[in-house]
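Okay, here's what each chain looks like letter by letter:
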Amino acid sequence: MIRPQAGLLLRLRSLGVAGGHARPAAMKSATSLLLGAALATAFFLLYTSLCRDLGAGSPPPRFETGAVAGGGGDREARHLNHPNQQEEHVTKAKDEEGKEVVTRSDGDGGARTEHKGRDNKQPQQIVMPATSTPTQQQQQKQNGDDDDLADLLRRAATPDKTVLMTAINSAWAAPGSFLDLFLDSFRHGEGTADLPKHLLIVSMDGTAHARCLAAHAFCYWLRIPGMDFTGEQKYMKGDYLEMMWRRNVLQRRVLELGYSFLFTDVDILWFRSPFPRLPAGADVVMSSDFFVGDPASPGNYPNGGLLYVRASPAAVAFYEQWQASRARFPGKHEQYVFDMIVKEGVPARIGATVRFLDTAVFGGFCQHGKDLGKVATMHANCCVGLENKLFDLKNVLEDWKEYRKRVAAGGGDARGFSWRVPGRCIH
């Protein structure tokens, strides 16, 4: 093999440089060749030296990263050969300047990089452990909430898988307020004392949930990130719309889990069991602000404060139609959209039967029956302001207690006894 230096000498001799007979142009060419050869030799020596250094070290360990920032998978990096190993792993390499680079990785997915030969005071490069994406976190939370909901429903339901439900926030759950009055009405009703054993209370904020846990056995916290339902949610103000639609979504989930439900607002007092008084064979039954005399008529004025839904594929399909129709009526609450789709006619493919409740039995401040021998509920509808609602509901409960005393005493005047009017709301 001819060495580079020998090859260069032969080339120079062919040009006449070695014998001293080169012309000026030949001298310039020879000078260029010398410079090129010197550069080639330097690069050749650097390349061979680098190859020896790299070949002397062991190859870096392979890692499988289960999650990266913004990606899915497990939270920690795992060594392929030692998946359970938690000690520190060290990887060596060289950077573009030929300096040694050491990467130390711990078992929690964290890593730090050190550049040997540089200023030791230079801050280390820190790679934070990978975390779940927001979507994953929300999914994990949803799965956990779903498990909690399913467990509560199982424990609260009647043998035929029916539950009562209501919803509260801190404004409605304060001591001495609506929640206490609501629960008290069951204790004074006819055949209603056992109904709270099948009642699931949905808390809309943390304060309400703590209050529920102190007063009742079955409490479910409907957590909604970014929403604050703590204060009084006035009709069509603030977060009212979103609160009502989120409640609607929860009702659908209860149906999907296989449970029928009777949802009642917490500003409704209960005097008799509702179930024997519900229309037979209906999939969806809603109370009325004003009842026109026909439970099947779309001319009734619906009120979602009292709503019975029988678990069935038809009921789930109805809820899907209901929630999908929200987009057609932007800015409207779920009660309005319900009224619109019922007036349009429930599509035959859904197959859900919708009925309305008679206010003579399931009454409210808008319209109520005078015969206390028939009434099952009294709802504080058609009234603005929590204080006004609470004032009149307390009077209603006192009137009911007085009626029950007269009935127990066998007094004939109980037949003509009715509600105290006028009140702040009731008329």
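All values reported here derive from a predicted model rather than from experimental measurement.

Right, let's get into the state of the cysteines. Here the structure, examined in full by the defined rule, presents 3 disulfides. Put simply, Cys383 and Cys425 are joined by a disulfide, and their sulfur atoms are 1.7 Å apart. Remark: Cys425 occurs in the segment after helix H10 (386-408) and Cys383 occurs in the loop between strand S16 (377-379) and H10; sequence separation between them is 42 residues. On the basis of relative accessibility, which here comes to 14%, the residue Cys383 falls in the buried class. Look at the chain and number its bonded cysteines as they come in the sequence; the links are 1-2, 3-4, 5-6.

Let us look at the nonpolar core. Of all hydrophobic cores here, the largest spans 49 residues; its most connected members are Ile168, Trp270, Phe271, Phe362, Phe365, Val396 and Trp419. For this core, the secondary structure elements donating two or more residues are strand S7 (162-168), helix H4 (170-173), helix H5 (178-188), strand S8 (199-203), helix H6 (206-215), strand S11 (268-270), strand S13 (301-309) and H10. If one sorts the elements of this core by residue count, H10 sits on top with 7 residues. With near-sequence residues (within four places) excluded, Ile168 lies in contact with Ala173, Leu179, Ile201, Val202, Ser203, Met204, Ala208, Cys212 and Val266. Within the second largest apolar cluster, 44 residues are counted, among which are Leu250, Tyr259, Val284 and Phe338.

Quick look at the confidence of the model for the chain now. If pLDDT is low for a region, its predicted coordinates should not be looked at in detail. This prediction gives the chain a mean pLDDT of 76; 62% of its residues lie at or above 70. In the predicted structure, residues 105-113 sits below a pLDDT of 50 and forms 33 contacts with residues beyond four places in sequence or in another chain. Under a pLDDT of 50 for its full length, residues 118-135 has, in the predicted model, 28 contacts with residues more than four places off or in other chains.

Each value, and the rule that gives it
- Residues numbered from 1 in each chain as written.
- Predicted model: local features only at pLDDT ≥ 70, side-chain atom pairs only at ≥ 80, totals over all residues.
- Heavy atoms only, no water.
- Disulfide = S-S within 2.5 Å.
- Helix = DSSP H or I, 4+ residues; strand = E, 2+ residues; numbered from the N terminus.
- Buried < 20%, exposed > 50% of the residue type's maximum accessible area, 1.4 Å probe, protein only.
- Core = buried A, V, L, I, M, F, W, Y, C linked by side-chain atoms within 4.5 Å.
- Contact = heavy atoms within 4.5 Å.
- pLDDT = per-residue confidence, 0-100.

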